[in-house]
Amino acid sequence: MTRETILALLRQNPEGYTSGEAMSRELGISRAAVSKAVSGLRQEGYEIEAVTNRGYRLISGPDRLSRGEILPWVHVEHVGRILECFPVIDSTNNYLKREAQHLSDGTVVVANEQTGGRGRLGRTFQSPPDTGIYLSALLRPDLPPVKALNLTAFVAVAICEGIETATGLSPQIKWTNDIVLNRKKVCGILTEMSIEGESGALQHIITGIGINVNQKEGDFPEDIREIAGSLAMAAGKPVSRGRLTAEIINALDEMYAAWLSGGGDYLERYRERCLTVGQPVKLLRANGSVEPAQALAIDDNFGLVVRHPDGRMETITSGEVSVRGLWGYV
Ligand code: BTN
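Being a predicted model, the structure only gives us computed values, none of them experimental.

(A) Representation of the overall build of the chain in the model. Along the backbone of the chain there are nine helices and 14 strands. In terms of overall size, the chain behaves like a compact globule, its C-alpha atoms giving a radius of gyration of 22 Å where 330 residues would be expected to give roughly 20 Å. The principal-axis extent of the C-alpha atoms belonging to the chain is close to 80 × 50 × 35 Å. Within the span of the chain, comprising 330 residues, buried residues form 48% of the whole. Expressed as a percentage of contacts within the chain between residues at least 6 apart in sequence, the contacts between residues at least 24 apart total 61%. Carbon and sulfur atoms form 48% of the exposed surface of the chain, whose accessible area is close to 15,900 Å².

(B) Examining the side chain of Asn93 more closely. Considering the arrangement of structural elements, one finds Asn93 in helix H5 (residues 92-99). On the basis of relative accessibility, which here comes to 4%, the residue Asn93 falls in the buried class. At 2.6 Å, the side chain of Asn93 forms a polar contact with the side chain of Ser136. Those residues in contact with Asn93 that sit more than four places away from it in its chain are Arg118, Ser136, Leu190, Glu192, Ile206, Thr207 and Gly208.

(C) View of empty space enclosed by the protein. With the rule as written, the count across this model stands at one cavity of 30 Å³ or more. For the largest cavity, the calculated volume is near 50 Å³. Considering the residues around the largest cavity, the lining is formed by Lys174, Leu275, Thr276, Gln279, Val281, Val323, Arg324, Gly325 and Val330. The element best represented in the lining of the largest cavity is strand S14 (residues 321-325), accounting for three residues. For the lining of the largest cavity, the class distribution of residues is four nonpolar, three polar and two charged.

(D) Fine view of the pairing of strand S2 (residues 55-60). As judged from the five bridges shared by strand S1 (residues 47-51) and S2, these two strands associate in the antiparallel manner. Paired with Ala50 across the two strands is Tyr56, which belongs to S2. Here S1 folds back onto S2 in antiparallel fashion, the turn holding three residues, of which Asn53 has a positive phi close to 70 degrees.

(E) Expanded view of the site of the ligand. Residues in contact with the ligand amount to 18 residues; listed here are only the nearest, Ser91, Gln114, Arg118, Arg120 and Lys185. Between Thr92 and the ligand, the recorded distance is 3.2 Å, taken from a side-chain N or O atom to a nitrogen atom. Contacts to the ligand include Lys185, whose side-chain N or O atom sits 2.6 Å from an oxygen atom. More than half of the atoms of the ligand fall within 2 Å of the grid points belonging to the largest pocket. Breaking the shell around the ligand down by element, the ones donating at least two residues are H5, strand S5 (132-139), strand S8 (184-195) and strand S9 (202-212). Its residues placed into classes, the shell around the ligand shows five nonpolar, ten polar and three charged.

Each value, and the rule that gives it
- Residues numbered from 1 in each chain as written.
- Predicted model: local features only at pLDDT ≥ 70, side-chain atom pairs only at ≥ 80, totals over all residues.
- Heavy atoms only, no water.
- Helix = DSSP H or I, 4+ residues; strand = E, 2+ residues; numbered from the N terminus.
- Rg over C-alpha atoms; globule rule 2.2 N^0.38 Å.
- Buried < 20%, exposed > 50% of the residue type's maximum accessible area, 1.4 Å probe, protein only.
- Contact = heavy atoms within 4.5 Å.
- Areas by Shrake-Rupley, 256 points an atom, 1.4 Å probe, with all protein chains shown as cover.
- Polar contact = N/O pair within 3.5 Å; in protein donor to acceptor, adjacent residues only side chain to side chain.
- 1 Å grid on protein atoms, 1.4 Å probe; cavity = no way out; pocket = protein on both sides within 12 Å on 5 of 7 lines; lining within 4 Å.
- Points joined across faces, edges and corners; volume = space filled by probe spheres on them.
- Nonpolar A, V, L, I, M, F, W, Y, C, P; charged D, E, K, R; others polar.
- Pairing = 2+ DSSP bridges.
- Near = heavy atom within 4 Å.
- Sits in = over half its atoms within 2 Å of the grid points.

The analysis is restricted to geometry; functional conclusions fall outside its scope.
Below, the structure written as structure tokens:
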């Protein structure tokens, strides 16, 4: 905790020096404890200049997913008030599932690496260390499960907005909920619900977000290289994962409040970002059939309205059908 607080104090004064004495007074600890915390931070990879009679100045920090790197940028009411960070974990969704009964509503967990990252439809989600963000939030809305089915669409909008705030990039949404930049998938969402068997009541929702942040093209396995991209590839430079994580959490918090109170204008915001509409698409049905269609609109329940070649209209709801572009992923 002392290290985190010292880091926060140094960040408050990025251009100037903060004296060891001022920090020891403010925190009610000895000068030796301040100096020990600074040494600890240096060992963690922070570059901290020390000048006699002036104090300490933070020059640079490692791109780490630690509370110290994330919390200075977080300003939330609910989602993310409790934040846990892990260097490595099997899966942030699994962790919340295991621990749900001991954890508060709105808890967010972030990992630097996942050894058993999971994607939709039982797929694996590649989660290498030091390049991505793997984040899950535990939510306990007092709602019937059917009302929660649109949450992932809201989460998709929040992620786009968090990315935009942190990086200036403007991601789009490939229906239903893949986040894309330059026609490549940079983020996936896996939302899981727990429902009590007896009553059918919603116990909790875990929404898991995996973002490719600083991967280079060659870092992706060959089988997904065509469709996967990263924020750094789109930005042409590395992206700070701490700041980005914080902006994602801020956006999730704002979104969740709006979602609970009826949705605000998130449907409009989703429509503005959805690049599937207006495109010729292929519909991949669960039975393996592939049909061409034209994507026309997003309806009020986030369903995709399509027209078949014979003129027949259909509204596809998430989960039922996968959608691909005519010539590729988007
Ligand atoms: C998909 O695109 O299929 C969804 C991928 C979701 C990955 C995230 S990473 C954080 C959370 N933990 C997991 O094991 N999966 C989700």
